[in-house]
Amino acid sequence: QTFRPYFTGTMQCACDGLATDSTDLHEFAYAVFANLSKVMGEEFAPVLADLVPHLVKVIGADEGHMEKAEDENGGQFGNLDDSDDEDDEGGGYVLHVRTALLEAKKGAITAIGEMAAHTGSAFVPHLEEVMEVLSEAGRNHWHPLIKCEVAEALPSMVVPSVSAYHNGEIAWEKGDVSGTSPLSP
């Protein structure tokens, strides 16, 4: 309630940061979105339709690629190889990484996890596309920080379903496995 008067201005500033070419501002904007979703809860829901597709695009973006080395010496950095392994099998590739995009992707995953955790059933329409991109990032991303962030965000994807289909709670008793599954609608 106390923050409500500042919500619109803060969102506008964060969205203005996304309009720049600065990946640092993008990363900070994603942190703002994550925190605003915590503070505002279900009142954050109206912006999901605009933010979620953007975040999905960021999470699905490729921030690095493998490239065949220029020559047998590894190009301009060939003389820096301190490896004793003279075996050329499977070698000859260079990994190019845009670390700023890596950090922005990590921030986008955090933001989407917090939005799912705090906006209730309003997040349900976005679950399918978010689960697809998070699953892809968790399975196929090469960087452990991204995999870790996905692992932290995935449990939050359960919250909107529980909110929408089970009135916000699942009643269970330890050891009771009788009856229908509490996770089925």
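Procedures and definitions
Residues numbered from 1 in each chain as written. Predicted model: local features only at pLDDT ≥ 70, side-chain atom pairs only at ≥ 80, totals over all residues. Heavy atoms only, no water. pLDDT = per-residue confidence, 0-100. Helix = DSSP H or I, 4+ residues; strand = E, 2+ residues; numbered from the N terminus. Expected span 1.5 Å × (residues − 1). Buried < 20%, exposed > 50% of the residue type's maximum accessible area, 1.4 Å probe, protein only. Arc of directions from axis to C-beta. Contact = heavy atoms within 4.5 Å. Axes fitted to C-alpha atoms, helices over the stretch in contact; angles between N-to-C directions. Parallel < 35°, antiparallel > 145°, perpendicular 65-115°, else oblique. Left-handed = near helix turned anticlockwise from the far one by under 90°. Nonpolar A, V, L, I, M, F, W, Y, C, P; charged D, E, K, R; others polar. 1 Å grid on protein atoms, 1.4 Å probe; cavity = no way out; pocket = protein on both sides within 12 Å on 5 of 7 lines; lining within 4 Å. Points joined across faces, edges and corners; volume = space filled by probe spheres on them. Salt bridge = Lys/Arg side-chain N within 4 Å of Asp/Glu carboxyl O.

## Considering the confidence of the model for the protein
Detailed reading of the predicted model is not advised wherever pLDDT is low.
Here's step 1: Model confidence for the protein is summarised by a mean pLDDT of 85, while 81% of its residues fall at 70 or above.
Here's step 2: Highest mean pLDDT in the protein belongs to helix α3 (residues 48-60) (96); lowest belongs to strand β1 (residues 64-68) (64).

## Some details on helix α1 (residues 4-18)
Here's step 1: An ideal rise of 1.5 Å per residue puts 21 Å on 15 residues; α1 measures up with 22 Å between its terminal C-alpha atoms.
Here's step 2: Among all positions in α1, only F7, M11, A14, G17 and L18 are buried. Down the axis of α1, the buried side of the element spans an arc of 115 degrees, and every buried residue falls inside it. Turned more than 90 degrees away from the buried face of α1 sit P5, Y6, T8 and C13, all of them exposed.
Here's step 3: Taken together, the buried residues of α1 touch α2 (23-40) and α3.

## Quick look at the packing of α2 against helix α4 (residues 99-118)
Here's step 1: In the contact formed by α2 and α4, the axes pass within 8 Å of each other and the chain directions differ by 10 degrees. Taken together, the axis directions place α2 and α4 in an arrangement best described as roughly parallel. Relative to α4, α2 is oriented so that their crossing is left-handed. Across the interface between the two elements, T23, E27, Y30, F33, A34, S37 and K38 of α2 pack against A100, L101, E103, A104, G107, A108, T110, A111, E114, M115 and H118 of α4.
Here's step 2: Here the residues of the contact of α2 with α4 sort into nine nonpolar, five polar and four charged.

## Some remarks on the packing of α3 against α4
Here's step 1: The interhelical angle for the contact between α3 and α4, taken along N-to-C directions, is 140 degrees, at an axis separation of 9 Å. Taken together, α3 and α4 sit at an angle that is classed as oblique. Viewed along their axes, α3 and α4 form a crossing whose handedness is left-handed. On α4, the residues touching L48, L51, V52, L55, V56, V58 and I59 of α3 are A104, K105, A108, I109, A111, I112 and M115.
Here's step 2: Per-class residue counts for the contact of α3 with α4 are 13 nonpolar, no polar and one charged.

## Quick notes on the layout of surface pockets
Here's step 1: Taken as a whole, the second largest pocket holds about 190 Å³ of empty space.
Here's step 2: Lining the second largest pocket are T23, H26, Y30, H54, K57, V58, A61, D62, E63, L101, A104 and K105.
Here's step 3: Among the secondary structure elements, those contributing two or more residues to the lining of the second largest pocket are α2, α3 and α4.
Here's step 4: Its residues assigned to classes, the lining of the second largest pocket comprises five nonpolar, three polar and four charged.

## Here we look at the pattern of salt bridges
Here's step 1: According to the stated counting rule, one finds three salt bridges in the structure shown.
Here's step 2: Residues E136 and R139 are paired through a salt bridge, measuring 3.2 Å at the closest nitrogen-oxygen approach. Remark: R139 and E136 occur in helix α5 (residues 127-140); sequence separation between them is three residues, near one turn of the helix.
Here's step 3: Residue classification places E136 among the partly exposed residues on the basis of a relative accessible area of 40%.
Here's step 4: By relative accessible area, R139 is classed as exposed at 55%.

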